[in-house]
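Next come the chains, spelled out residue by residue.
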Amino acid sequence: MHLSIHSLFRDVICKKRGSVLLNILLLPLTLASYIFLGLIEARRFFYRIGLLKSNRLNCKVISIGNLTVGGTGKTPFVIFLAERLKKRGRSVAVITRGYKAGSKEPISLVSDREKVLLAPSDAGDEAFLMASRLKGIPVIIGKDRHLAGEYALRNFLVDTIILDDGFQHLSLKKDMEMLLIDATDPESNGYMLPRGILREPFSGLSRSNAIILTRADQADRLDSVVGNIRRYSDSIRVYYSRFKPVGLKEIRSGAEKGIGHIKGKRLLLFSGIGNPKSFSQMIGRLGGEITGEMIFPDHHNYMIRELEQIELFASRNKIDLIVTTEKDGVKIAEIPFGYLPVWALRVDLILEDQDKLEELILGEKREIDT
């Protein structure tokens, strides 16, 4: 198994309980996390007193975010929600910051409703994946979300904007905050960055209208997770979701197979996502034999030599299928390498009580306090 620095961070630095020696060694990171907390709280205070200004758009703005660094499943949820609202008759646009996007323009149009206009290297893996999956819905990259929102209103006449990764984005007023929490690892060791994975304190969940617990089917103590949420809000709505594997797609040829194709096969997995453990567990439940797994940092930009190492391992170990995530698949599809097929696992989000959530979104309008 190939482990990344990201895995080391998750498995060692973010342990809930470490030895006395480890805690002493990590003391500089612990101190840095408290400094980061102070900066976060100061920024929020400046917005609350009006020293920093928030802008408003002339449409409904729905923010999808999280409290932690990566791995909660925002991209599948954004895709799910955009499709559901479109079916409900809303004219929707998705705005994202375009993490690791090659394009340096203030605003980049990834999809114009009809076709995808940017390559994965220009759009970033998440924005490209959303644009590929969402038909009839424009996807726009812009670090200035208000500017990107005005562009969407002017060019596409939308009435609803879904703000990807918007929970900590305070310069744009939102009508609804939806917070995703990974039920298998809701706050890790409880520390802020860089000692832990929290982007703000767990108590920040009280600012949201609804919480989506992702991977609820994989959580060992779901009642404990919900109980911890209730410590900060008795009234907040909590919804349960899971990720369902629905098929395989060969990243270069576009050939498709059902997930039953995995059963009984010797598999090599590789991924560069926030929660690689969840990916391998999902694959493991499909009846394949995981012979090897290579884990890279989240949003990893693959080098040809790394892909050649993957192929070499597969050849030497008589691997039947090389499987990666859909997000990784869109990035390596444009890299010329090797000859072995690589299959991306397509995953859909399944949400309990989705009708109630949609009614909440469509019926409730409330300005979110910072």
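It should be noted that the structure appears before, not after, this text.
Source: prediction; values computed, not measured. (Residues numbered from 1 in each chain as written. Predicted model: local features only at pLDDT ≥ 70, side-chain atom pairs only at ≥ 80, totals over all residues. Heavy atoms only, no water.)

Caption draft 1: Here's a closer look at the nonpolar core. Of all hydrophobic cores here, the largest spans 51 residues; its most connected members are Phe77, Leu81, Met178 and Leu357. Discounting chain neighbours no more than four positions away, the residues touching Leu357 are Phe77, Met178, Ala210, Ile212, Tyr239 and Leu351. Residues Leu179, Leu198, Leu213 and Ile229 belong to the second largest nonpolar core, which totals 18 residues. (Core = buried A, V, L, I, M, F, W, Y, C linked by side-chain atoms within 4.5 Å. Buried < 20%, exposed > 50% of the residue type's maximum accessible area, 1.4 Å probe, protein only. Contact = heavy atoms within 4.5 Å.)

Caption draft 2: Representation of the packing of aromatic side chains in the model. Using the criterion set out here, one finds 6 aromatic pairs in the structure. Both rings, one in Phe270 and one in Tyr302, keep their centres 5.7 Å apart while their planes meet at 85°; by these two values the pair is edge-to-face. With Phe270 in strand β10 (residues 266-271) and Tyr302 in the loop between β11 (289-295) and α10 (304-316), the pair connects residues that are 32 residues apart, well separated along the chain. Assigned by exposure class, Phe270 and Tyr302 land together as buried. Relative to Tyr302, the ring of Phe296 has its centre 5.1 Å away and its plane inclined at 75°; by these criteria the two rings are edge-to-face. When sorted by exposure, Phe296 lands in the same class as Tyr302, which is buried. (Phe/Tyr/Trp six-rings, centres within 6.5 Å; stacked < 30°, edge-to-face > 60°. Helix = DSSP H or I, 4+ residues; strand = E, 2+ residues; numbered from the N terminus.)

Caption draft 3: Up close: the pattern of salt bridges. Within the structure shown, the criterion is met by 19 salt bridges. As a salt-bridge pair, Lys327 and Glu126 come within 3.7 Å of each other at their nearest N and O atoms. Taken together, the residues Lys327 in helix α11 (residues 326-332) and Glu126 in helix α6 (residues 125-133) connect sequence positions 201 residues apart. Of the two residues examined, Lys327 and Glu126, each falls in the buried class. Counted as one network, the salt bridges with shared partners bring together Arg84, Arg88, Asp355 and Glu358. (Salt bridge = Lys/Arg side-chain N within 4 Å of Asp/Glu carboxyl O.)

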